[in-house]
Amino acid sequence: MYRSDSDGLRAARAQLVSYSARLLDDGLAVGSAGNMSVRIGDRVAITPSGVSYTEMRPGDICLVGMDGAELQSSETPSSETPMHLAIYAATKAGAVVHTHSPEVIALSAAREELPAIHYAITGLGGPVRVAPYVRFGSAGLAEAAVGALDGRNAVILRNHGAVTYGRDLAQAYDRALLLEWLARTYRLALSYGEPAILSAAELDEVSAESRRRRYGERRARRPRGDAS
């Protein structure tokens, strides 16, 4: 969770603008599609609706309460605010990223889940479910997304896009990139024939080994001058 003071809010707004621009560069959205947010105590900073990422500024980022009430907004908060708030209420998420990435959308129209084509999917909690189609911006979509997220930190939305969350925006965004990469890898595998899929036992083994190795964690830095 982000710091709840004014410095924390400024940092969150700047980070949201920076990562929003990356959505276009990384091919995870077009125009002003998609949205992202960070939780700051009992408030949520979220990208505005209909503002192009190339024009977005920190002052455009909206601030809402956990009940959806607008607290500080010069623009209209994202239409997917109900989904973001539902995810915060149901999980320990510090940030949420919603993309309209093409590989994921294509998969959502043809499959019920993204299977374990590569062991990296353990970083998303396992095979990623495809939630049933519900209109954007609706309470029904929020409910469907939260239901499909059970035990996962990523969900694919039928004929719509995907949502990932993490302890902070960097982790949530990295998971969105991983999800799109996995969807592309699965599509490529299908072009060769029926892919081999990792079993639940094999994924459990990967997770256990990752924990043992503390995979992805940086070593604690020693103080300068400590040669021990």
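Let us look at the structure shown here. The shown structure was predicted, so the numbers you read here are calculated from the model rather than taken from an experiment. (Residues numbered from 1 in each chain as written. Predicted model: local features only at pLDDT ≥ 70, side-chain atom pairs only at ≥ 80, totals over all residues. Heavy atoms only, no water.)

### Here's the deal with the side chain of histidine 98
Rules: The way it works is that DSSP assigns letters per residue, a run of H or I at least four long becomes a helix, a run of E at least two long becomes a strand, and they are numbered from the N terminus. Here a polar contact is recorded for every N or O atom pair within 3.5 Å, except that within protein the pair must consist of a potential hydrogen donor and a potential acceptor, and residues adjacent in sequence are included only if both atoms are side-chain atoms. Contacts are assigned to residue pairs that have any heavy atoms within 4.5 Å of one another.
Considering the arrangement of structural elements, one finds histidine 98 in strand β5 (residues 95-99). Engagement of the side chain of histidine 98 in a polar contact is seen with the side chain of histidine 100, the distance being 3.3 Å. At 2.8 Å, the side chain of histidine 98 forms a polar contact with the backbone oxygen of alanine 162. Here histidine 98 is in contact with Gly34, Asn35, Glu80, Met83, His84, Leu157, His160, Gly161, Ala162 and Val163, once residues within four sequence places are set aside.

### Some words on the sheet that holds strand β9 (residues 161-166)
The condition that has to hold: If DSSP finds at least two bridges between two strands, the strands pair. Here an axis means a line fitted to C-alpha atoms, over the contact stretch when the element is a helix, while the angle between two N-to-C directions is reported on a 0 to 180 degree scale.
Taken together, nine strands build an open sheet; the order of strands is β4-β3-β2-β1-β5-β9-β8-β7-β6 and the sheet is mixed. Either end of the sheet is taken by a strand with one partner, and the two such strands are β4 (70-72) and β6 (113-114). As paired elements, strand β3 (residues 62-65) and β4 share two bridges and run antiparallel to each other. If you follow leucine 63 over to β4, its bridge partner there is glutamine 72. Those strands touched by helix α4 (residues 139-148) are β7 (128-131) and β8 (154-157), and its axis lies near 135° from that of β8.

### Observations concerning the packing of helix α2 (residues 81-90) against α4
Here is the rule: Working rule for handedness: look at the near helix, and if it is turned counterclockwise from the far one by less than a right angle, call the crossing left-handed; if clockwise, right-handed. The classification used treats Ala, Val, Leu, Ile, Met, Phe, Trp, Tyr, Cys and Pro as nonpolar, Asp, Glu, Lys and Arg as charged, and all other residues, Gly among them, as polar.
Between α2 and α4, the least distance of the axes is 8 Å, while the angle of their chain directions is 35°. For the pair α2 and α4, the crossing hand works out as right-handed. Residue-level contacts link Pro82, Met83, Ala86, Ile87 and Ala90 of α2 to Leu141, Ala142, Ala145 and Val146 of α4. Within the contact of α2 with α4, the residues separate by chemical class into nine nonpolar, no polar and no charged.

### Remarks on the pairing of strand β1 (residues 35-40)
Taken residue by residue, a regular strand's side chains alternate between the two faces of the sheet. Put simply, the rule reads: For every residue, the accessible area (1.4 Å probe, protein chains only) is compared with the maximum for its type, and the residue is labelled buried under 20%, exposed over 50%, or partly exposed between those bounds.
Of all six residues in β1, six are buried; the element is thus mostly enclosed. Neither face of β1 is exposed, since Asn35, Ser37 and Arg39 on one face and Met36, Val38 and Ile40 on the opposite face are all buried. Relative to β5, β1 is paired through four bridges, and the arrangement is antiparallel. From the neighbouring strand, valine 38 faces β5, where its bridge partner is alanine 95.

### A closer look at helix α6 (residues 200-213)
This is how it is decided: Under the convention used throughout, the expected extent of a helix is 1.5 Å for every residue step, that is, one less than its residue count.
In this model, α6 (14 residues) spans 20 Å end to end at C-alpha, consistent with the 20 Å of a helix rising 1.5 Å per residue. For α6, the tally of buried residues reaches only one of 14 residues, placing the bulk of the element at the surface. Directly after α6, the chain includes arginine 214, whose backbone phi takes a positive value near 55°.

### Topic: the pairing of β5
Across the five residues that make up β5, a large majority, five, are buried. As paired strands, β5 and β9 are joined by five bridges and run antiparallel to one another. Residue pairing in the sheet places threonine 99 in a bridge with alanine 162 of β9.

### Overview of the side chain of glutamate 103
As for its placement among the helices and strands, glutamate 103 is situated in helix α3 (residues 102-108). The exposure class assigned to glutamate 103 is buried, which follows from its relative accessible area of 14%. Reaching out from glutamate 103, the side chain makes a polar contact with the side chain of arginine 187 at a distance of 2.6 Å. The residues contacting glutamate 103, other than those within four sequence positions of it, are Glu180, Ala183, Arg184 and Arg187.

### With respect to the pattern of salt bridges
Inclusion rule: By definition, a salt bridge exists where a carboxyl oxygen of Asp or Glu is found within 4 Å of a side-chain nitrogen of Lys or Arg.
Per the stated rule, a full pass over the model turns up six salt bridges. Residues arginine 22 and aspartate 26 are paired through a salt bridge, measuring 3.3 Å at the closest nitrogen-oxygen approach. Overall, aspartate 26 belongs to the partly exposed group, its relative accessible area being 32%. In this structure, the salt-bridge partner of arginine 187 is glutamate 103, at a minimum N-O distance of 2.6 Å. Placement of the pair is arginine 187 in helix α5 (residues 169-192) and glutamate 103 in helix α3, with a sequence separation of 84 residues. One salt-bridge network, in which partners are shared between bridges, spans Glu209, Arg212 and Arg213.

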